[in-house]
Amino acid sequence: MTATAILRLQRAGFTEEQVEALAEFSETGTATKSDINRLEAAIVGLDRKIDILDGRVGTLENRVVALESRVAALESRVAALEQAIERVRHELEVKFAEGKAETIKWVFGVGFAQVAMILAVPRLFPGVHS
């Protein structure tokens, strides 16, 4: 068995004893009862690791589903806030338009009053302009 193969087996989760058993088997070309028992133990150990990893994957999947649910709830809240902001913006536009109309009305009213006063002052004091 090559060093590369040994490293690959160790990275895959095989213990040093399991790698040695495989190396012995590959060198001799035959397996002893002890080799078979060690390989079976290795398989059982890997099955346990796979079960543990499956459990972790299931837990992660559940967490992802929970996070997706929270994101959806947040998106819903953001949409509601956007609607509220739009409603307030519209109300402000209406208030500004009303204020503008009211200001124009006052400007014309005051202007009319000033013109009336300007025209009325010479009549109140007829001898002042002579």
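Anything mentioned here points back to the structure above.
Residues numbered from 1 in each chain as written. Predicted model: local features only at pLDDT ≥ 70, side-chain atom pairs only at ≥ 80, totals over all residues. Heavy atoms only, no water.

## Observations regarding the overall build of the protein
In step 1: When helices and strands are counted, the protein shows 3 helices and 0 strands.
In step 2: Secondary structure of the protein in N-to-C order comes out as α-α-α.
In step 3: In summary, the protein has a C-alpha radius of gyration of 45 Å against a globular reference of 14 Å for 130 residues, an excess of more than 25%.
In step 4: C-alpha extents for the protein along the principal axes are approximately 140 × 30 × 15 Å.
In step 5: Counting all 130 residues of the protein, 7% fall into the buried class.
In step 6: Here the protein has roughly 11,200 Å² of accessible surface; of this, 65% comes from carbon and sulfur atoms.
In step 7: Side chains of the protein carry 16 positive and 19 negative charges; the gap between the two charge centres is 13 Å. (Helix = DSSP H or I, 4+ residues; strand = E, 2+ residues; numbered from the N terminus. Rg over C-alpha atoms; globule rule 2.2 N^0.38 Å. Buried < 20%, exposed > 50% of the residue type's maximum accessible area, 1.4 Å probe, protein only. Areas by Shrake-Rupley, 256 points an atom, 1.4 Å probe, with all protein chains shown as cover. Lys, Arg positive; Asp, Glu negative; His and termini not counted. Charge placed at Lys NZ, Arg CZ, Asp CG, Glu CD.)

## A few points about the pattern of salt bridges
In step 1: A full pass over the atoms with the stated rule returns 3 salt bridges.
In step 2: Two residues, Arg89 and Glu93, come together in a salt bridge whose shortest N-O distance is 2.3 Å. Taken together, the residues Arg89 and Glu93, both in helix α3 (residues 33-124) and 4 residues apart, mark about one turn of the helix.
In step 3: Using a relative accessible area of 38% as the deciding quantity, one classes Arg89 as partly exposed. (Salt bridge = Lys/Arg side-chain N within 4 Å of Asp/Glu carboxyl O.)

In short, the description is geometric, and any link to function would need to be established separately.
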